[in-house]
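Structure assessment
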Amino acid sequence: MVQAFVLVQTEVGRATTVARQIESVDGVVSAEAVVGPYDVIARADGASDTEIADIVSRIQKVDAITRTLTCPVAPQSTSAVGTA
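Reading guide: rules and limits
Residues numbered from 1 in each chain as written. Predicted model: local features only at pLDDT ≥ 70, side-chain atom pairs only at ≥ 80, totals over all residues. Heavy atoms only, no water. Helix = DSSP H or I, 4+ residues; strand = E, 2+ residues; numbered from the N terminus. Buried < 20%, exposed > 50% of the residue type's maximum accessible area, 1.4 Å probe, protein only. Contact = heavy atoms within 4.5 Å. Salt bridge = Lys/Arg side-chain N within 4 Å of Asp/Glu carboxyl O. Core = buried A, V, L, I, M, F, W, Y, C linked by side-chain atoms within 4.5 Å.

1. Quick notes on the environment of isoleucine 22
With respect to the helices and strands, isoleucine 22 occurs in helix 1 (residues 15-23). Taking the relative accessible area as the measure of exposure, isoleucine 22 reaches 0% and is therefore buried. Excluding residues that lie within four positions of it along the chain, isoleucine 22 makes contacts with Val8, Val28, Ala31, Val40, Ala42, Ile59, Val62 and Ile65.

Structure (structure tokens):
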């Protein structure tokens, strides 16, 4: 499984509405309005990088989005953390 966080900037005053609309996009696990340089952070899960790209493309079609930044989650190692 491939996971990514999508950071979203929206038109002023539209973050909550955009977050609700993004939550309805297939492949989106969660979407929250936040405070800071981005207005919404969404988490997407897909079977491949291609599927994540498709999900992000659908997110970008939501009205009132001005910019997105996709942050793929780094694969986790199967070895124990902190061992030498």
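2. Comments concerning the pattern of salt bridges
The tally for this structure, following the rule as stated, stands at three salt bridges. When the shortest N-O distance is used, the salt bridge between arginine 14 and aspartate 63 registers 3.6 Å. Separated by 49 residues along the polypeptide, arginine 14 in the loop between strand 1 (2-10) and helix 1 and aspartate 63 in the loop between helix 2 (49-60) and strand 4 (65-72) bring together distant segments of the chain. Here arginine 14 falls in the partly exposed class, since its relative accessible area comes to 25%. Of the charged contacts in the structure, one is a salt bridge between aspartate 45 and arginine 43, with a shortest N-O distance of 3.3 Å. For aspartate 45, a relative accessible area of 17% puts it in the buried group. Under the relative-accessibility criterion, arginine 43 is labelled partly exposed at 25%.

3. Describing the nonpolar core
Core analysis: the biggest nonpolar cluster contains 21 residues, and Val18, Ile22, Val40 and Ile59 have the highest contact counts within it. Looking at this core, the elements that each hand over two or more residues are strand 1, helix 1, strand 2 (28-33), strand 3 (40-46) and helix 2. The contact partners of valine 40, leaving out residues within four places of it in the chain, are Val6, Leu7, Val8, Thr10, Ala15, Val18, Ala19, Ile22, Ala31, Glu32, Ala33 and Val34.

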